[in-house]
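Spelled out from the first residue to the last, the chains are:
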Amino acid sequence: MVLAISVEGVHKRYGDKQALAGLDLEVAGGTVHAVLGPNGAGKTTAVRIMSTLLRHDGGTVRVAGHDVAADPAAVRSRIGLLGQHAALDEELAGRQNLEMFGRLHHLGARRAGRRADELLERFGLADTGRKAVKQYSGGMRRRLDLAASLITDPEVLFLDEPTTGLDPRGRAEVWSAVRSLVGGGTTVLLTTQYLEEADQLADRITLIDGGRVAAEGTADELKALVGADRIVVVLRDAARLAEAARLLPDPLVDPDTLTLSFPVEDRMAGLARTLRTLQEAGVEAADLAVRRPTLDEVFLHLTDREEVAA
């Protein structure tokens, strides 16, 4: 396996705060690798270090075959970065934005223009390239921003929460663009707050918490950590959530959706037992089902985010 990114024992502190505490990460070339974690887990710090925007305190980081500390210029020439906020000029047309990025990368006027046209076509924006960016939808802006990050045809592309704030249609547009990139051989490291996004796009997923790796594997491998089948209960009354959590066998709880879930070996017996337990306590369920675990449940399980107020 050829590694596009290798991170070994990386530490980073901001004053008294330990942002990264011995982070290890390997990303195979030509794949999508997602990095998940709760707020403050160290995702953005890790991306900033790997993309040479921030120096780490300890450990080693190699991207596209080069050490980010010893040879940052070589790394920068081989990577692209799409941050959480669009870096576009709203008043300029889409094509003008791409030409500007090309000129900033010293492509020259003619080459920058050709590259702009190539990228507009590649991302389905050729018909809107002459329009001002302020007239673009959210998904179109993000696709244009993604195109700008590819102006130099990077080997490795860092996407830091690329679909934050987009509606489902906009996210789907960006997902399609990312898939096409990987099909062309680009390596993508993706941080995201949308677990469905990692499930849809990533070949492998690393979950970090407290600045270190909590788990790593494919989506199916991570889901297996929580159990093969799970009973899922959705309550009608939020006031009964804490009571239901005490009645059921060590459930994962999502207070936002009034959902409790827990592993089960015998599907039918487990459903019958759960229904009987809730009925005897007078707790009404809006829905009761058996299904495979989700990445949301893996996240809750491994980052200990299942607390419910009594």
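In what follows, the structure referred to is the one given above.
Okay, so let's go over this structure.

Rules and cut-offs
Residues numbered from 1 in each chain as written. Predicted model: local features only at pLDDT ≥ 70, side-chain atom pairs only at ≥ 80, totals over all residues. Heavy atoms only, no water. Helix = DSSP H or I, 4+ residues; strand = E, 2+ residues; numbered from the N terminus. Contact = heavy atoms within 4.5 Å. Lys, Arg positive; Asp, Glu negative; His and termini not counted. Charge placed at Lys NZ, Arg CZ, Asp CG, Glu CD. Pairing = 2+ DSSP bridges. Axes fitted to C-alpha atoms, helices over the stretch in contact; angles between N-to-C directions. Parallel < 35°, antiparallel > 145°, perpendicular 65-115°, else oblique. Left-handed = near helix turned anticlockwise from the far one by under 90°. Nonpolar A, V, L, I, M, F, W, Y, C, P; charged D, E, K, R; others polar. Buried < 20%, exposed > 50% of the residue type's maximum accessible area, 1.4 Å probe, protein only. Polar contact = N/O pair within 3.5 Å; in protein donor to acceptor, adjacent residues only side chain to side chain. Salt bridge = Lys/Arg side-chain N within 4 Å of Asp/Glu carboxyl O.

**Some words on the overall build of the protein chain**
- Within the protein chain, the regular secondary structure consists of eleven helices and 14 strands.
- In terms of overall dimensions, the protein chain has a C-alpha envelope of 75 × 45 × 35 Å along the principal axes.
- Residue pairs at least 24 apart in sequence account for 68% of intrachain contacts in the protein chain once pairs closer than 6 positions are excluded.
- Measuring between centres, the 38 positive side-chain charges of the protein chain sit 6 Å from its 46 negative side-chain charges.

**Overview of the side chain of Ser261**
- Topologically, Ser261 is positioned in strand β13 (residues 259–263).
- Setting aside chain neighbours within four positions, we find Ser261 in contact with Arg230, Ile231, Val232, Pro251, Leu252 and Glu297.

**Side note on the sheet that holds strand β6 (residues 79–82)**
- Spatial ordering of the open sheet is given by β6-β7-β8-β3-β9-β10, a layout of six strands whose pairing is mixed. Where the open sheet ends on each side, the last strands, each with one partner, are β6 and β10 (212–217). When the angles between neighbouring strand axes are averaged without regard to direction, this sheet yields 15°.
- Pairing between strand β3 (residues 32–36) and strand β8 (residues 187–191): four bridges, direction parallel. Looking at the pairing, His33 lines up with Leu189 of β8.
- Strand contacts of helix α5 (residues 138–149): β6 and β7 (156–160), with the helix running at about 155° to β6, the strand carrying the most contacts.

**Some details on the packing of helix α3 (residues 94–104) against α5**
- It is the contact of α3 with α5, at a shortest axis distance of 9 Å, that shows an interaxial angle of 25°. In terms of orientation, α3 lies roughly parallel with respect to α5. Crossing of α3 against α5: the hand is right-handed. On α5, the residues that touch Gly94, Leu98 and Phe101 of α3 are Leu144, Ala147 and Ala148.
- Looking at the contact of α3 with α5, its residues break down into five nonpolar, one polar and no charged.

**Brief notes about the packing of α5 against helix α6 (residues 168–183)**
- Look at α5 against α6: their axes get within 8 Å of each other, and the N-to-C directions meet at 25°. Here α5 is positioned roughly parallel relative to α6, judged by the angle of their axes. The two elements α5 and α6 cross, and the hand of that crossing is right-handed. Of α6, the residues touching α5 (which contributes Gly139, Met140, Arg142, Arg143 and Leu146) are Gly170, Glu173, Val174, Ala177, Val178 and Leu181.
- Class assignment for the residues of the contact of α5 with α6 results in six nonpolar, two polar and three charged.

**A short note on the side chain of Asp229**
- Mapped onto the fold, Asp229 is located in the loop between α8 (219–224) and β11 (230–235).
- For Asp229, a relative accessible area of 19% translates into the label buried.
- A distance of 3.5 Å separates polar atoms of two side chains, one belonging to Asp229 and the other to Arg267.
- Residue contacts for Asp229: discarding those within four places in its chain leaves Phe262, Pro263, Val264, Arg267, Val290, Arg291 and Arg292.

**A look at the environment of Glu161**
- Within the fold, Glu161 resides in the loop between β7 and α6.
- Excluding anything up to four places from it in sequence, Glu161 contacts Lys43, Gln84, Arg142, Thr191, Thr192 and Gln193.

**Side note on the pattern of salt bridges**
- All told, the structure shown has 15 salt bridges when counted by the stated rule.
- Two residues, Lys223 and Asp199, come together in a salt bridge whose shortest N-O distance is 3.0 Å. Of this pair, Lys223 sits in helix α8 while Asp199 is found in helix α7 (residues 195–201), placing the two residues 24 residues apart along the sequence.
- A residue is classified by how much of its surface remains accessible, and Asp199, at 32% relative accessible area, is partly exposed.
- In this structure, the salt-bridge partner of Glu243 is Arg240, at a minimum N-O distance of 2.7 Å.
- For Glu243, a relative accessible area of 25% corresponds to the partly exposed category.
- Look at Arg240 and you get partly exposed, because its relative accessible area is 23%.
- Bridged by salt links that share partners, the residues Arg95, Glu99 and Asp117 form one connected network.

In short, shape yes, function no, at least from these values alone.
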